[in-house]
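Letter by letter, the chains look like this.
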Amino acid sequence: MRAIQSLLSSGSRKNTRVGVGRLILASAAFVLVGGSAHESLAQSLPTVLFSNLAGDPSLAVPVEVGGSPLNFSNFVRPYVSPNGAHWAMVAGSPGSASRNILLVGPTSGLGAGGNAGAFASTRAVIVAGQPAPGDPPWVNGEVFETIRRNLSVNNAGQVAFSANTSNVTSADEVVVRMGPLMPGEPPAFTLVAREGSPAFGLGGDGVTFGATLDSVSMTHGGVVSFYSTLGGTTTALNTAIWFGETLVARKGETVPGGQVDDPGAVINELRDTRYYRSADGTRWVEGVTLATDASRDRAIVVDGEVVMQEGSILSGSGFDFPIGTHSSGGIGETNMGMDGSWFVRGVNSAINQYWVTRNGSTVATVGDPLTPCDFEHWSIRPFTPAVYFTSIGNGVGDYIVGGASDVFDERLSGVLVLNGRSVVLRSNDPVDLDGDGIAEPNVFIRNFFFDDAALTPDLKLLVVVNLKDELDVQIGKALLIKQLTRPCMADMNADGVIDLADLLDFLSGWGTNLGQVGECLDGDANGDGVVDLADLLDFLGQWSPALGGGCPPPN
């Protein structure tokens, strides 16, 4: 049954309206027995790669420690390289720290054969409490204990991350660059920074790296960026961010440009999980607190300039209300893709007007349709972790926004939307547990997490979810993969291929409504509310160069 999801996944206004009432009723009937009627016309089923489901093969970690199999207990955000060839993530095992396994591997082995393919291609290169393979530059026989979730993978397959080790407390936090992995060989490790050692550029003043090292990013050439607290200095100067050994910004000293009221205000705090850098090293984003009035002190800095600040109207948004204060949600999560595209989620004061921006442009707002001419809207729903919980990109122009919908059934309200045109996954969708291409009768997506997702340039979506059974009882957590299809105007029937059928579909609506004025008319390719010659030219301008292929990446 192809119900709401098939409608939402189409770039065609025609497909978004035909038979809506009949399909909603069919979907509602199907949901009553615990399933989901939401399958995309051109999307594959989400397939489980790894999980913590008792007794399932996806439970096993692809490594043996001490001769005994090791199982998963938890998963956090996956990361992919800019070219999509490599992936890495932190996971956990029972009885240990919640983040104590580092998984690394090629994306080419994911998806084929479900867990079997992932197990064969993925390596657990670090397991807490066990000596790391290769030749790490450790002292006192130290081993990794907890690995932080914010890491980075570059096109060469190198992985950079921060972690806590078994060394003495004053020297147990480290930033490490690893790899690339070579077949049949252990990985090589490079120690980038260690707690208690002289801080780059500040060591002459007796300043050392502190007890928190986080927000790791890495360039194509292996230059590592990171955040650190500082020792050997006052609290007014005790946090900073680096690009390699270059100091980028320091609490109490750096004055970003573009401030709204007080152009001379210094950074009063750097946020330890909000610093990201592009893969070419030229762009960066950081969430900061400024030394100014408390109602306007939270801000986002991009490349040294304030691009949004609480208490001010979001630039270019057309909103009537300013960004809310920190106590009301204000400026929320920040993210930057390795291509330099940056995302921020937040809310405006007084009216709960939640939004997502991409490169400074608003791409989603509460009350707006999920996709053009959609009957579902972004909404405030208690079942999802937040109105908006995910905003990520893949480096070639595609992006995912995850949030809550006002759909009639609360269990269906968590959605992931691709490029503002296609709902590609939602809560209550069925999953393929064993990689046979068939949905399981009793395993469904329960909900998503904050930014625990990654998107490759060829539209492989990796996402962490909670799973449930047909009775809506949570049964575990899993890392899923789903092959997406890029939506665009030219793919009228949303089958992922641009061909003659798409032209015929468009001409049917265009010919019927030529000269008509109104919203969401079939044939209104440019969405200006009028069906005219311009729509035909716009459609052909996208359809002709894509003929025989799929939708091109967005600009």
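Model, not experiment: these values are computed from the prediction.

**Q** Is there a simple way to explain the overall build of the protein chain in this structure?
**A** Across its full length, the protein chain holds six helices and 32 strands. Looking at the protein chain as a whole, 56% of its 555 residues are labelled buried. A fraction of 51% describes how many contacts in the protein chain between residues 6 or more apart in sequence connect residues 24 or more apart.

**Q** Quick question: what am I supposed to make of the state of the cysteines here?
**A** As used here, a disulfide is simply a covalent bond connecting the sulfur atoms of two cysteines. Counted under the stated rule, the structure contains two disulfides. Across a sulfur-sulfur distance of 1.9 Å, C373 and C520 are joined as a disulfide pair. Classification of the bridge connecting C373 and C520 rests on its S-S torsion, roughly -95°, and on that basis the disulfide is left-handed. With C373 in the loop between strand 25 (361-365) and strand 26 (388-393) and C520 in the loop between helix 5 (500-513) and helix 6 (533-546), the pair connects residues that are 147 residues apart, well separated along the chain. On the basis of relative accessible area, C520 is assigned to the partly exposed category, the value being 22%. With its sulfur 2.0 Å from that of its partner, C488 forms a disulfide with C551. Between C488 and C551, the disulfide has an S-S torsion of -70° and is therefore left-handed. Separated by 63 residues along the polypeptide, C488 in the loop between strand 32 (474-483) and helix 5 and C551 in the segment after helix 6 bring together distant segments of the chain. Cysteine pairing for the protein chain (bonded cysteines numbered in sequence order): 1-3, 2-4.

**Q** I would appreciate a short explanation of helix 5 in the present structure.
**A** An α-helix turns once every 3.6 residues. As a result, residues three or four positions apart point the same way. Here helix 5 spans 20 Å end to end across 14 residues, near enough to the 20 Å set by a 1.5 Å rise per residue. Residues D502, L503, F506, G509, W510 and N513 constitute the buried set of helix 5. Buried positions in helix 5, seen along its axis, are confined to an arc of 135° and lie on one side of it. Opposite the buried face of helix 5, by more than 90 degrees, sit the exposed residues L500, L504 and T512. Buried-residue contacts for helix 5 involve helix 6. Taking the backbone nitrogen of A501 as reference, a side-chain oxygen 3.2 Å away marks D499 as the first, capping residue of helix 5.

**Q** Please explain the packing of aromatic side chains as it appears in this structure.
**A** The relation between two aromatic rings is expressed through the spacing of the ring centres and the mutual angle of the planes. Inspection of every chain in the model, using the stated rule, returns 13 aromatic pairs. Taking 5.1 Å as the distance between ring centres and 70° as the angle between the ring planes, the aromatic pair formed by F209 and W242 counts as edge-to-face. In this pair, F209 sits in strand 13 (residues 208-218) while W242 sits in strand 15 (residues 239-243), placing the two residues 33 residues apart along the sequence. Note on F209: relative accessible area 1%, which makes it buried.

**Q** Honestly, the sheet that holds strand 22 (residues 331-336) in this entry has me stumped. Any pointers?
**A** In a beta sheet, neighbouring strands pair by backbone hydrogen bonds and run either parallel or antiparallel. Spatially, four strands are ordered 22-23-24-25 in an open sheet, and the strand pairing comes out antiparallel. The open sheet is flanked by strand 22 and strand 25, the only strands paired with a single partner. Here the average twist between neighbouring strands, direction ignored, is 20°. With four bridges connecting them, strand 24 (residues 353-358) and strand 25 associate as antiparallel partners. The partner of T357 across the bridge, within strand 25, is T362.

**Q** Which parts of the structure should I look at to understand the pairing of strand 21 (residues 305-309)?
**A** Working note: regular strand, side chains alternate between the two faces of the sheet. Inspection of the sheet shows strand 20 (residues 298-302) paired to strand 21 by four bridges, in the antiparallel sense. Its bridge partner lying in strand 21, V302 is registered against E305. Remark: two residues form the turn of the hairpin made by strand 20 and strand 21, two consecutive strands paired antiparallel; D303 in that turn has positive phi of roughly 55°.

**Q** Sorry, what's going on with the layout of surface pockets here?
**A** Empty space among the atoms can be located by rolling a probe the size of a water molecule over them. In this model, the largest pocket occupies a volume close to 390 Å³. Lining the largest pocket are 29 residues, and of these Y79, V80, M336, G337 and M338 sit closest to its centre. Counting residues per element, the ones that place at least two in the lining of the largest pocket are strand 4 (74-80), strand 9 (152-153), strand 13, strand 18 (276-277), strand 22, strand 26 and strand 30 (444-455). Among the elements that make up the lining of the largest pocket, the one with the highest residue count is strand 4 (four residues). Looking at the lining of the largest pocket, its residues break down into 16 nonpolar, ten polar and three charged.

**Q** Any chance you could explain the environment of L533 here in plain terms?
**A** Structurally, L533 is set in helix 6. Using a relative accessible area of 53% as the deciding quantity, one classes L533 as exposed. Along the chain, L533 and G515 lie 18 residues apart, while their C-alpha atoms are 9.1 Å from each other.

**Q** Where do I start with the pairing of strand 7 (residues 123-127) in this structure?
**A** Among the five residues that make up strand 7, four are buried, leaving the element largely enclosed by the rest of the structure. Relative to strand 7, strand 6 (residues 101-106) runs antiparallel, the two being bridged by four bridges. Pairing of V104 across the sheet is with R123, part of strand 7.

**Q** Before we go on, may I ask you to explain a nonpolar patch on the surface in this structure?
**A** Among the surface-exposed residues, L500, L504 and L507 lie close enough to one another that they form a single nonpolar patch of about 270 Å² accessible area. Within the secondary structure layout, L500 lies in helix 5.

**Q** Got a minute to help me understand the nonpolar core in this structure?
**A** The tendency in soluble globular proteins is for nonpolar side chains to be buried as a group. Of all hydrophobic cores here, the largest spans 24 residues; its most connected members are L416 and V463. Looking at this core, the elements with two or more residues in it are strand 26, strand 28 (414-418), strand 29 (422-426), strand 30, strand 31 (460-468) and strand 32. Residues contacting V463, with those up to four places away along its chain left out, are L416, L425, F448, D452, A453, A478, L479 and L480. Ranked by size, the runner-up nonpolar core spans 21 residues in total, among them F50, F75, L103 and L462.

**Q** Could you clarify how one ought to interpret the pattern of salt bridges in this entry?
**A** Close approach of charged atoms allows side chains with opposite charge to pair. Using the criterion set out here, one finds 17 salt bridges in the structure. Between E269 and K251 there is a salt bridge; the shortest N-O distance is 3.3 Å. Taken together, the positions of E269 in strand 17 (residues 267-270) and K251 in the loop between strand 16 (246-250) and strand 17 put the pair 18 residues apart, joining distant regions of the chain. A salt bridge links K468 to D472; the nearest nitrogen and oxygen atoms lie 2.5 Å apart. The buried category is assigned to K468, whose relative accessible area is 1%. The exposure class assigned to D472 is partly exposed, which follows from its relative accessible area of 30%.

**Q** Would you mind showing me how to read the sheet that holds strand 4 here?
**A** Pairing in this open sheet of four strands is antiparallel, and the strands run 4-5-6-7 from one edge to the other. A single partner strand is all that each edge strand has here, and the edge strands are strand 4 and strand 7. For this sheet, the mean inter-axis angle between neighbouring strands, taken without regard to orientation, is 20°.

Basis of the calculations
Within any chain, residue numbers begin from 1 and follow the written order of that chain's sequence. In view of the model being predicted, local features appear only for residues whose pLDDT reaches at least 70, and side-chain atom pairs are presented and counted only at 80 or more, with totals across whole chains, interfaces and linings using the full set of residues. Calculated side-chain values reflect all of the structure's heavy atoms, with hydrogen atoms and water omitted. Helix and strand assignments follow DSSP, with helices taken as H or I runs no shorter than four residues and strands as E runs no shorter than two, numbered in order from the N terminus. Accessibility here uses a 1.4 Å probe with only protein chains present; expressed as a share of the type maximum, an area under 20% marks a residue as buried, one over 50% as exposed, and anything in between as partly exposed. Residues count as neighbours in contact if any of their non-hydrogen atoms are within 4.5 Å of one another. The definition used for a disulfide is geometric: two cysteine sulfur atoms within 2.5 Å. Every helix has an expected span of 1.5 Å times one less than the residues it contains. The arc in question is the one traced by the directions running from the helix axis out to the C-beta atoms. Side-chain atoms alone can form a polar contact between residues adjacent in sequence; in general such a contact is a pair of N or O atoms within 3.5 Å, and within protein one must be able to donate a hydrogen while the other accepts it. Aromatic pairs are defined between Phe, Tyr and Trp rings, using the six-membered ring for Trp, whenever the two ring centres lie within 6.5 Å; interplanar angles under 30 degrees are classed as stacked, those over 60 as edge-to-face, and all others as tilted. For two strands to count as paired, DSSP must find a minimum of two bridges between them. Only the stretch in contact is used when fitting a helix axis, every axis being a line fitted to C-alpha atoms; angles between N-to-C directions are given from 0 to 180 degrees. Grid points spaced at 1 Å and placed over the protein atoms alone form the basis of the search, with a cavity being a set where a 1.4 Å probe fits but cannot get out and a pocket an open set showing protein on both sides within 12 Å along at least five of seven lines. Lining residues have an atom within 4 Å of a point. Grid points are joined across faces, edges and corners, and a volume is the space filled by probe spheres set on the points. Any residue outside Ala, Val, Leu, Ile, Met, Phe, Trp, Tyr, Cys, Pro, Asp, Glu, Lys and Arg is labelled polar, Gly included; the first ten of those are nonpolar and the last four are charged. Within this analysis, patches are made of residues with over 30% relative accessible area and no salt bridge. Like charges are joined at 9 Å or less; nonpolar side chains (Val, Leu, Ile, Met, Phe, Trp, Tyr) at 5 Å or less. Accessible areas in this description were obtained via Shrake-Rupley with a 1.4 Å probe; residue shielding takes into account the shown protein chains only. Whenever Lys or Arg places a side-chain nitrogen within 4 Å of a carboxyl oxygen from Asp or Glu, that contact is recorded as a salt bridge. We call a set of buried Ala, Val, Leu, Ile, Met, Phe, Trp, Tyr and Cys residues a nonpolar core when their side-chain atoms join them within 4.5 Å.

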